Structures are given as C-alpha cells and as structure tokens.
Amino acid sequence: MWLASGLIAAFLAAIVFASVSQAIHPPSHLETIDPVTIYDDPEFGDPGVTIREDGSALVVGVAEMFFFEPDPIEVPVGRPVTFRLTSADVIHGFQVVGTNANTMVIPGYVSELTVTFSEPGEKLILCNEYCGLLHHEMMGRLVVKEVAP
Ligand code: CUA
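Residues numbered from 1 in each chain as written. Predicted model: local features only at pLDDT ≥ 70, side-chain atom pairs only at ≥ 80, totals over all residues. Heavy atoms only, no water.

Things to note about the overall build of the chain
- When you go through the chain residue by residue, the secondary structure sums to 1 helix and 11 strands.
- Counting from the amino terminus, the chain carries its helices and strands in the arrangement α-β-β-β-β-β-β-β-β-β-β-β.
- Counting over 149 residues, the chain shows a buried share of 35%.
- Surface exposure of the chain reaches about 8,600 Å², of which carbon and sulfur atoms provide 60%.
- The distance from the centre of the 6 positive side-chain charges to the centre of the 19 negative ones in the chain is 10 Å. (Helix = DSSP H or I, 4+ residues; strand = E, 2+ residues; numbered from the N terminus. Buried < 20%, exposed > 50% of the residue type's maximum accessible area, 1.4 Å probe, protein only. Areas by Shrake-Rupley, 256 points an atom, 1.4 Å probe, with all protein chains shown as cover. Lys, Arg positive; Asp, Glu negative; His and termini not counted. Charge placed at Lys NZ, Arg CZ, Asp CG, Glu CD.)

What follows is the structure in structure tokens.
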C-alpha cells in the first residue's frame, strides 16, 4: 500500500511540476485566435492554398463539425507545405494518413506544421479526435501534385 501511495504521489508531483514549470499547452506555438469570429478573420475567413514564389505552399485551413476547409487541399510535391489550422467549434484532429503530418486542431489556437510530401498522389485526411456524432465521417482529401507557382 505504501508503494502504491508513493507512486500516486509521484505521478501527481510530475503533473504539477509539468503544468507549473513546463507550461503545458497545446501543440504548436501558442498563437491564439477567437474561434467565434474566425470567418471574419483576414486569414481564416478565406481558407485556401497559396503557392509562394519559391514553390513552397501555405495552407490555411479550418476544421469544423464535420468537415475540413478547403477540401480537397492541393499542394506541390517535393516542396515544404506549411499548414496553419484552427477550429471553428470543438477540438478536432488533422492527420494526413501515411505521413507524419498530424496535429490537434484546437478552438482558440492556431496549429502550425510544415511537411514536405515527396511523392505525388492523393492522401486521406482524417479527424482523429472524437468531436461529435459524425466524427467518423469527418475526412478530407489532400492532393499532392506538380503545382505551377
Ligand atoms: Cu472532427 Cu472528429
């Protein structure tokens, strides 16, 4: 019993330590946004893909019960693709199946990640956080292809 109690105390101490001194927070870089007005936001009000001059891409995306916007997302092959994502309602996931692109999408925050897709093709985007009755229907398409700047 003393051992079990000691373990519980150690786990609680670890949680307190991590939350106080390590500033536990959602993934990405703590950029905040008002989820109520995102469609009035200059950036997230018009989700889409921008191809930069160097051929890399910026994807501004919104997750909402129960879809992703834009859909499909068309990105260039072999170039860095930066996703900036936020949620209009509840916590969603954004996972490009078969790649390491995977983040939580949290209302009130902007999640940012950069991925390079090395092969052309079509990939499935899944929501991997339970977000409501139609969570299992929430998916999108990512099309990786040659894109002219
Ligand atoms: Cu969105 Cu599950």
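Quick notes on the sheet that holds strand β5 (residues 73–76)
- In space, the 5 strands of this open sheet follow the order β5-β11-β10-β7-β8, with mixed pairing throughout. Edge strands, defined here as strands with exactly one partner in the open sheet, are β5 and β8 (102–105). Each strand of the sheet is rotated relative to its neighbour by a mean of 25°, with strand direction disregarded.
- Pairing of strand β10 (residues 121–126) with strand β11 (residues 139–145) involves 6 bridges; the strand directions are antiparallel. Within β11, the residue paired with Leu124 across the bridge is Arg141. (Pairing = 2+ DSSP bridges. Axes fitted to C-alpha atoms, helices over the stretch in contact; angles between N-to-C directions.)

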